[in-house]
Amino acid sequence: PPLYELALGGATSVRGALGQRRHGRAKLLGNLELRAMPVTFTLFGQRLRAGALAFADAGRVWADLRPTRLDGDGLGLLVGLGGGARLQWGEHFLLRADVATSPNDRSTGVYVDLNHVF
């Protein structure tokens, strides 16, 4: 796979963690989100929905498919926690804005993008 697909951290994996800092040949990633889209309204004749979410991301990379000393000890999980807002226009366009923090990196990330990660 491309090198950027082997990385952990950032908008498409563990939000709040520093991106492109952890790479490995094996990657495990998990995401838990609680989403709600309770607000529906019309603007300029277009149907829109708005909502919010809370999430927790976690992941781990390994240098190789067999354990090596580069992998460190213990679980080695990278964690990101945060929340965000969603604005849906019609059936297929979704604007997302997330804010997350990672206790591992002591960093915060702000992400604005189109569509959900999954």
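Residues numbered from 1 in each chain as written. Predicted model: local features only at pLDDT ≥ 70, side-chain atom pairs only at ≥ 80, totals over all residues. Heavy atoms only, no water.

Helices and strands together make up the secondary structure of the chain, namely zero helices and seven strands. Projected onto the principal axes, the alpha-carbon positions of the chain cover approximately 60 × 30 × 20 Å. Of all 118 residues assigned to the chain, the portion counted as buried reaches 31%. Pairs at least 24 residues apart make up 49% of the contacts formed inside the chain by residues separated by at least 6 positions. In the structure as shown, the chain presents an accessible area of about 7700 Å², 61% of it carried by carbon and sulfur atoms. (Helix = DSSP H or I, 4+ residues; strand = E, 2+ residues; numbered from the N terminus. Buried < 20%, exposed > 50% of the residue type's maximum accessible area, 1.4 Å probe, protein only. Contact = heavy atoms within 4.5 Å. Areas by Shrake-Rupley, 256 points an atom, 1.4 Å probe, with all protein chains shown as cover.)

Reading across the sheet, the five strands line up as 3-4-5-6-7 and stay open at both edges, with antiparallel pairing between neighbours. What marks the edges here is a single partner per strand, and that holds for strand 3 (26-43) and strand 7 (107-114). Going from strand to strand, the sheet's axes swing by 15° on average, the running direction of each strand aside. With 16 bridges joining them, strand 3 and strand 4 (residues 46-62) adopt antiparallel strand pairing. Within strand 4, the position partnered with L28 by the bridge is R60. (Pairing = 2+ DSSP bridges. Axes fitted to C-alpha atoms, helices over the stretch in contact; angles between N-to-C directions.)

Side-chain pairing between opposite charges can occur once the charged atoms of the two side chains come close. Applying the stated criterion across every chain, the model contains 11 salt bridges. A salt bridge links R22 to D105; its shortest N-O distance comes to 2.6 Å. Note that R22 is positioned in strand 2 (residues 22-23) and D105 in the loop between strand 6 (93-102) and strand 7, a separation of 83 residues in sequence. Owing to a relative accessible area of 18%, D105 belongs among the buried residues under this scheme. With a shortest N-O distance of 3.1 Å, R96 and D98 are connected by a salt bridge. Judged on exposure class, the residue R96 and its partner D98 are both buried. One continuous salt-bridge network, built from bridges that share partners, spans R15, E33, R35, D57, R86, R96, D98 and D113. (Salt bridge = Lys/Arg side-chain N within 4 Å of Asp/Glu carboxyl O.)

Attention now moves to the nonpolar core. By size, the foremost hydrophobic cluster in this structure holds five residues: L8, V14, A17, V61 and L78. Beyond its immediate chain neighbours, meaning those up to four positions away, A17 contacts G9, G10, L78, S102, D105, S107 and Y111. (Core = buried A, V, L, I, M, F, W, Y, C linked by side-chain atoms within 4.5 Å.)

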